[in-house]
Amino acid sequence: VPGVYEGYHIFALEWTEDYYRFYVDGKQTYEITSEQVDICRVPTHLKLTVEAGNWAGKCDDSKLPDGILVDYVKVYKKIDN
């Protein structure tokens, strides 16, 4: 996501039985469906971290340690109509 390392941003995850949809500043950036992975269907906990897997590319050790500043976290439960 261009500019994601500058300034403040709003990150979101929409999690249903069929998919995970990831958003940055209101724009969908990625989607994983139940056809690609097993979608978690049990209660779980939230973990905020700067950890990244191989998908993030090579880590520049000269920039470590690193951190994040979190202003707030909101969790919603969608109610079916």
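Our structure's up above, just so we're on the same page.
Just so we're clear, the structure is a prediction, and the values are computed from it rather than from any experiment.

Analysis parameters
- Residues numbered from 1 in each chain as written.
- Predicted model: local features only at pLDDT ≥ 70, side-chain atom pairs only at ≥ 80, totals over all residues.
- Heavy atoms only, no water.
- Helix = DSSP H or I, 4+ residues; strand = E, 2+ residues; numbered from the N terminus.
- Rg over C-alpha atoms; globule rule 2.2 N^0.38 Å.
- Buried < 20%, exposed > 50% of the residue type's maximum accessible area, 1.4 Å probe, protein only.
- Contact = heavy atoms within 4.5 Å.
- Areas by Shrake-Rupley, 256 points an atom, 1.4 Å probe, with all protein chains shown as cover.
- Lys, Arg positive; Asp, Glu negative; His and termini not counted.
- Charge placed at Lys NZ, Arg CZ, Asp CG, Glu CD.
- Phe/Tyr/Trp six-rings, centres within 6.5 Å; stacked < 30°, edge-to-face > 60°.
- Lys NZ or Arg CZ within 6 Å of the ring centre and 35° of its normal.
- Salt bridge = Lys/Arg side-chain N within 4 Å of Asp/Glu carboxyl O.

Q: Tell me what's going on with the overall build of the protein, and back it up with residues and numbers.
A: Per the secondary structure count, the protein includes zero helices and three strands. Taken over C-alpha atoms, the radius of gyration comes to 15 Å for the protein, far larger than the 12 Å a tight globule of 81 residues would show. With respect to the principal axes defined by its C-alpha atoms, the protein has extents near 50 × 30 × 25 Å. Per-residue burial for the protein yields a buried fraction of 10% across its 81 residues. Intrachain contacts of the protein at a sequence separation of at least 6 include 17% that bridge at least 24 residues. For the protein, the computed accessible surface area is about 8,000 Å², with 54% contributed by carbon and sulfur atoms. Here the protein carries 9 positive and 14 negative side-chain charges, and the mean point of each set is 2 Å from the other.

Q: I'd love a proper account of the packing of aromatic side chains, names of residues and values included.
A: A full pass over the atoms with the stated rule returns two aromatic pairs. Taken together, a centroid distance of 5.7 Å and an interplanar angle of 65° make the contact between tryptophan 15 and tyrosine 20 edge-to-face. Judged by centre distance (6.2 Å) and plane angle (45°), the ring pair of phenylalanine 22 and tyrosine 30 falls under tilted. Owing to a relative accessible area of 30%, phenylalanine 22 belongs among the partly exposed residues under this scheme. Overall, tyrosine 30 belongs to the partly exposed group, its relative accessible area being 49%. When the ring centre of tyrosine 19 is taken as reference, the NZ or CZ atom of arginine 21 above it lies at 3.8 Å.

Q: Mind laying out the pattern of salt bridges, listing which residues take part and the relevant values?
A: Enumeration over the complete set of coordinates arrives at one salt bridge. For glutamate 31, the salt bridge is made with arginine 21, and the minimal N-O distance between the two is 2.4 Å. One end of the pair, glutamate 31, is in strand β3 (residues 27–33); the other, arginine 21, is in strand β2 (residues 19–24), with ten residues separating them in the sequence. Using a relative accessible area of 29% as the deciding quantity, one classes glutamate 31 as partly exposed. Given a relative accessible area of 23%, arginine 21 falls into the partly exposed group.

Q: Please give an account of unusual backbone geometry that cites residues and values.
A: Residues other than glycine seldom take positive phi values, yet aspartate 25 does so here, at roughly 50°. Within the secondary structure layout, aspartate 25 lies in the loop between β2 and β3.

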